[in-house]
Amino acid sequence: MPADKYPPFPAARPLQPAATGADGGPPVLTVSGLNQAVARMLERNFPLIWVKGEISNFTRAASGHWYFNLKDEGAQVRAVMFKGRAQYAGFMPREGDKVEVRTLVTLYAPRGDYQLNVEAIRRSGVGDLYAAFLQLKERLEREGLFARERKRALPLFPRRIGIVTSPQAAALRDVLTTLRRRAPHVEVVLYPTPVQGEGAAQRIAAAIQTASARAECEVLLVCRGGGSIEDLWCFNEEVVARAIVEASMPVISGVGHETDFTIADFAADLRAPTPTAAAELAATAREDWLAELRGHADDLTRALRRSLTDKAQTVDWMARRLVNPGATITHERVKLAALQTRLSHATRVPLTRMRHRLQQAATHLAHQLPDTTHARRDLGDLARRLQGAQAAQQLRQRQALAGLQTQLELLNPQRTLERGYAIVSDRQGRVLHGPAELAARSEITIRLAQGSAEVGIASVQPRLD
């Protein structure tokens, strides 16, 4: 962590004195008090940080705690990792291992030793590899390469199993031993490839593609024994994951130990914790199938015997129930006649009751109907009076309309013009009312009954009539 990322040191609290000099001098601390105060200051002022170094003097105590030194070229520091944390480390450190530890800086008070209290440990460089692993895993997961619905089911009775691994790998011997013991009838095809080192990922992908193209196996095992994350890194390459997804047969991934997870595990149709487990998942033991078949045969035999016994008892029971067909027919005819009588009675009585209720309802309705003769006569008189009033009102309105039309005709300017009058206006359209509004050498418009004319005025001689 950069220096500017550390939180500021809080002001130190005054130490509690163990004793005060008789002459009132400075306080005197005990060694235990001093160490405890220093330990508190270290733990309070240093957050959890990652420290990188080399393991030396590693010891695993009987209690399960780890004690070691962490050193580099210029210094070293004691470190402890307690059992509760060490059990999740995933590997056992060895002398000379380059590691990174997430630690709390503290002090072991009984000895006064400054030390690191380790919370987590990983191999040096694993942080970058793990970040790359998570980034690739997230991207391929978004593409759907790990989708559950894409996974294919394993064949129930494979006749030939393919293995992609190194011919020198101990994992191959474990797989072959397991298959020979569990399913000696299954053929095995090896697609040899390196499973570690530079270029191993491309060669593993090529071997998977070869097996897919040949399509001679019904299930394919991609396996390798355990190792560090660097040793297994070729199975975290994208090219291997895509080759597994595009394979023409189901793929089982058995890489590393049970705690090891690779991108190939997520891309495969089934993940096995170890190569041996992958072989066990690929082919069910022949003895298990034979035992299951024997069990099915025994179940079938018992079921057939039980069925025959039941059928025999059924035949005996039916034989006891068997009677003369003529008597059965006579008995059924008697039952039919009785049912017919009951049906006739059941339908006739409700029908009679309903008819009686209908007659009562009709009589009641006839009494409740009102006499509408007088109302109809009054309605006719009102209709005739309404028609007469409407006719009289329409006549009055027509006469009033004719009078208004006559008055409107008298006020029509066009009728005045037809009697010889004219309307005189200037060029702006204003109507002229007297000689004073006329001017020499001007133009006026004279509107007559049958059109209008533009007239120029030479002179104006006002005259009073």
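Above this text sits the structure in question.
Conventions we followed
Residues numbered from 1 in each chain as written. Predicted model: local features only at pLDDT ≥ 70, side-chain atom pairs only at ≥ 80, totals over all residues. Heavy atoms only, no water. Pairing = 2+ DSSP bridges. Helix = DSSP H or I, 4+ residues; strand = E, 2+ residues; numbered from the N terminus. Axes fitted to C-alpha atoms, helices over the stretch in contact; angles between N-to-C directions. Contact = heavy atoms within 4.5 Å. Buried < 20%, exposed > 50% of the residue type's maximum accessible area, 1.4 Å probe, protein only. Core = buried A, V, L, I, M, F, W, Y, C linked by side-chain atoms within 4.5 Å. Patch = residues over 30% accessible without salt bridge, like charges linked within 9 Å, V, L, I, M, F, W, Y side chains within 5 Å. Areas by Shrake-Rupley, 256 points an atom, 1.4 Å probe, with all protein chains shown as cover. Salt bridge = Lys/Arg side-chain N within 4 Å of Asp/Glu carboxyl O. Expected span 1.5 Å × (residues − 1). Phe/Tyr/Trp six-rings, centres within 6.5 Å; stacked < 30°, edge-to-face > 60°. Lys NZ or Arg CZ within 6 Å of the ring centre and 35° of its normal.

**Student:** How would you summarise the sheet that holds strand β13 (residues 423–425) if you had to cite specific residues and measurements?
**Tutor:** Read across the open sheet, the 3 strands follow the order β13-β14-β15; overall the sheet is antiparallel. The strands lining the two open edges of the sheet, one partner per strand, are β13 and β15 (451–456). Averaged over all neighbouring strand pairs, the angle between strand axes comes to 25°, with direction disregarded. Summarising the sheet, strand β14 (residues 443–448) and β15 pair through 6 bridges and their orientation is antiparallel. Among the inter-strand pairings, Glu443 is bridged to a residue of β15, identified as Gly456.

**Student:** Describe the sheet that holds strand β11 (residues 251–255), listing the residues and the values that go with them.
**Tutor:** Consider a sheet: its strands pair through backbone hydrogen bonds, and that pairing is either parallel or antiparallel. Here 5 strands make up an open sheet; going across it, the order is β9-β8-β10-β11-β12 and the pairing parallel. Edge positions in the open sheet fall to β9 (187–192) and β12 (270–271), since each of these has one partner strand only. Against the sheet, helix α5 (residues 200–214) engages β8 (160–165), β9 and β10 (219–224), with an angle of about 140° to β9. Most of the contacts of helix α8 (residues 275–282) go to β10, to which it runs at about 170°, and overall it touches β8, β10, β11 and β12.

**Student:** Describe the side chain of Ser425, with residues and values.
**Tutor:** With respect to the helices and strands, Ser425 occurs in strand β13. Owing to a relative accessible area of 13%, Ser425 belongs among the buried residues under this scheme. Ignoring any residue separated from it by four or fewer positions in sequence, one finds Ser425 in contact with Arg430, Val431, Leu432, Ile444 and Thr445.

**Student:** Pulling in residues and values, what's your account of the nonpolar core?
**Tutor:** Val164, Tyr191, Ile204, Ile208, Leu220, Phe235 and Ile244 are the most contacted members of the largest nonpolar core, which has 36 residues in total. Counting residues per element, this core draws most heavily on α5, at 7 residues. Residue contacts for Ile208: discarding those within four places in its chain leaves Val164, Leu220, Val222, Val240, Ala243, Ile244 and Ala247. Formed by 21 residues, the second largest nonpolar core is a distinct cluster that contains Leu42, Trp66, Phe68 and Ile121.

**Student:** Talk me through a nonpolar patch on the surface; I want residue IDs and the actual numbers.
**Tutor:** Together, Leu29, Leu34 and Val38 make up a nonpolar patch on the protein surface, roughly 200 Å² of accessible area in all. Within the element layout of this structure, Leu29 appears in the loop between β2 (27–28) and α1 (31–45). You can call Leu29 partly exposed: its relative accessible area is 35%.

**Student:** How would you summarise α5 if you had to cite specific residues and measurements?
**Tutor:** Here α5 is 15 residues long and its end C-alpha atoms lie 21 Å apart, about the 21 Å a rise of 1.5 Å per residue gives. Against the buried residues of α5 lie β8, β9, β10 and α6 (238–245). Positive backbone phi, at 55°, marks Ala215, one or two positions downstream of α5.

**Student:** I'd like a description of the packing of aromatic side chains, backed by residues and values.
**Tutor:** Counted by the stated rule, this structure contains 4 aromatic pairs. Where Phe146 meets Phe266, the ring centres are 5.7 Å apart and the plane angle is 35°; that geometry is what we call tilted. On the criterion of sequence distance, the pair formed by Phe146 in the loop between α3 (126–143) and β8 and Phe266 in helix α7 (residues 263–267) is long-range, its members being 120 residues apart. Residue class for Phe146 comes out buried when judged on its relative accessible area of 12%. On the accessibility criterion, Phe266 (27% relative accessible area) is partly exposed. Feature note: the residues Phe58, Trp66 and Phe68 constitute an aromatic cluster, connected by ring pairs. Positioned above the aromatic ring of Phe266, the side-chain terminus of Lys137 is 4.8 Å from the ring centre.

**Student:** Describe the pairing of strand β3 (residues 49–60), naming the residues involved and giving the relevant values.
**Tutor:** Pairing analysis gives 6 bridges linking β3 to strand β6 (residues 98–108), with the strands arranged antiparallel. Within the sheet, the bridge partner assigned to Lys52 lies in β6 and is Glu100. The pairing of β3 with strand β4 (residues 66–71) spans 5 bridges and is antiparallel. Bridging across to β4, Ile55 finds its partner in Leu70.

**Student:** Now, about the pattern of salt bridges: what can you tell me, with residues and values included?
**Tutor:** Counted by the stated rule, this structure contains 18 salt bridges. A salt bridge links Arg142 to Glu138; the nearest nitrogen and oxygen atoms lie 3.4 Å apart. On the criterion of helical spacing, the pair formed by Arg142 and Glu138 is a turn pair, its members being 4 residues apart in helix α3. A salt bridge links Glu143 to Arg242; the nearest nitrogen and oxygen atoms lie 2.7 Å apart. Taken together, the residues Glu143 in helix α3 and Arg242 in helix α6 connect sequence positions 99 residues apart. Its relative accessible area of 42% is what places Glu143 among the partly exposed residues. Judged by relative accessible area, which is 26%, Arg242 ranks as partly exposed. Several salt bridges share partner residues, and in doing so they unite Arg139, Glu143, Glu238 and Arg242 into one network.

Any link to function would need more than the numbers given here.
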